[in-house]
Amino acid sequence: MELLHRYRHILGLWQPDIGPYGGLLNVVVDGLFIIGWMYLPPHDPHVDDPMRFKPLFRIHLMERKSATVECMYGHKGPHHGHIQIVKKDEFSTKCNQTDHHRMSGGRQEEFRTWLREEWGRTLEDIFHEHMQELILMKFIYTSQYDNCLTYRRIYLPPSHPDDLIKPGLFKGTYGSHGLEIVMLSFHGRRARGTKITGDPNIPAGQQTVEVDLRHRIQLPEAENLHNFNELSRVVLEVREQVRQEQQRQQEGAQEDSQDPAPPAGEPPAKEAAAGPAEGPAEGHQEPEGGSGAAAQQPTESGQPFVLPVGVSSRNEDYPRACRMCFYGTGLIAGHGFTSPERTPGVFILFDDDRFGFIWLELKSFSLYSRVKATFQNADAPSPQAFDEMLKNIQSLTS
């Protein structure tokens, strides 16, 4: 299999460079072909439905000298394409017959077909004017590439026994933007959700949510679960505690840099004072023993959960019980990723395959459900390689 050897570097998971939208491509050996499958979230807002996928290109493996590369984009069947391997973790595709992507009914027919495939509905079904604008914008932006794309390798996050849940890919609801793909990874005492697909506000590659696993949140009592102000009070108290802890750490670091180092084997004098100087905020639970996710094993029994009045959700079919909640921040920005800022919120762990996030400032709720597809050749060679990959995809849209 000389040709398989030549193209072995493109097997695995990739993210296409499609501006803020990104994507998820899985390149696999399938019979006598190497096929690039683009994975798409289910239709909004059905976050628990399986992923959809469509072929973008294929490479014939049987030729002896030159491989036939075919573009699979459009509705007229395979046609001539080209693949260039730029370097080990980057390649590009080009369609040589883009007329195969055109439809007899012109752009209007192409848009309606794309809308049916992408959203599972017609424009007449979508009454929200802002949503119509976002959908039309995405069609115009993405269709101009005509399957001539550059791809960069991405890895699945490494897993550790003390992770809160198994890391991986999740489908999440993002209001008028529809469903997007997010990668959940664990980094010591923090969890991060990185967008693999994105939108004009928060592009692919950006860190959509960050969870502080040291600061657990106790939801209000059952009779106050509907009260947004009560939840807001609890979260903002924890945010203030986090701010104070960070300030003390910075002050301690500055003082340590000015003090001479203690003799070898002697503990620093301020070490005992490094912990919080005050008790936890009401509604806030400190971890018991250990640190990070290891000390926060989920409770199977769970506690009642209901969204507070006034918090919007694309999907009303969310779980009505959760295992535990943590303080977190969510990234929000204006159109074109203008004025980005991290705002307070609540990370809700429902079960091994679902979590949620309440965006306090937006009064909005996102529900995330695990992508259960299996991906080969997608593991990072080392934790350092995974962290480097996260930095790289974030820098492309910063």
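Residues numbered from 1 in each chain as written. Predicted model: local features only at pLDDT ≥ 70, side-chain atom pairs only at ≥ 80, totals over all residues. Heavy atoms only, no water.

Draft legend 1. Fine view of empty space enclosed by the protein. Applying the stated criterion across every chain yields a total of five cavities of 30 Å³ or more. By volume, the largest cavity is sized at about 540 Å³. Taken together, 32 residues form the lining of the largest cavity, with Leu40, Trp114, Glu118, Lys138 and Thr142 sitting closest to its centre. The set of elements that each furnish at least two residues to the lining of the largest cavity consists of β3 (33–40), β4 (52–60), α2 (106–119), α3 (129–143) and β10 (179–187). Surrounding the second largest cavity, Tyr21, Trp119, Leu134, Ile135, Lys138, Ser176, His177, Glu180, Gly198, Asp199 and Pro200 form its lining. Per-element accounting of the lining of the second largest cavity gives the leading share, three residues, to α3. Along the lines of polarity and charge, the residues of the lining of the second largest cavity split into five nonpolar, three polar and three charged. (1 Å grid on protein atoms, 1.4 Å probe; cavity = no way out; pocket = protein on both sides within 12 Å on 5 of 7 lines; lining within 4 Å. Points joined across faces, edges and corners; volume = space filled by probe spheres on them. Helix = DSSP H or I, 4+ residues; strand = E, 2+ residues; numbered from the N terminus. Nonpolar A, V, L, I, M, F, W, Y, C, P; charged D, E, K, R; others polar.)

Draft legend 2. Seen up close, the state of the cysteines. This structure, assessed with the given rule, holds zero disulfides. No disulfide involves Cys95; its nearest neighbouring cysteine sulfur is the one of Cys71, lying 3.8 Å away. The structure places no disulfide on Cys322, whose sulfur is separated from the nearest cysteine sulfur, that of Cys325, by 4.0 Å. For Cys322, a relative accessible area of 1% translates into the label buried. (Disulfide = S-S within 2.5 Å. Buried < 20%, exposed > 50% of the residue type's maximum accessible area, 1.4 Å probe, protein only.)

Draft legend 3. Structural context of the pattern of salt bridges. Using the criterion set out here, one finds 26 salt bridges in the structure. One salt bridge connects Lys87 with Glu90, and the closest N-O pair in it is separated by 3.9 Å. Note on Glu90: relative accessible area 14%, which makes it buried. Here Lys372 ties to Asp353 by a salt bridge, and the two come within 3.7 Å at their closest N and O atoms. Placement of the pair is Lys372 in the loop between β20 (364–370) and α5 (383–395) and Asp353 in the loop between β18 (338–351) and β19 (354–359), with a sequence separation of 19 residues. Residue Asp353 is classed as partly exposed on the basis of its relative accessible area of 26%. The structure contains a network of salt bridges with shared partners spanning Arg190, Arg192, Glu210, Asp212 and Arg214. (Salt bridge = Lys/Arg side-chain N within 4 Å of Asp/Glu carboxyl O.)

That's the geometry; what it means functionally is another story.
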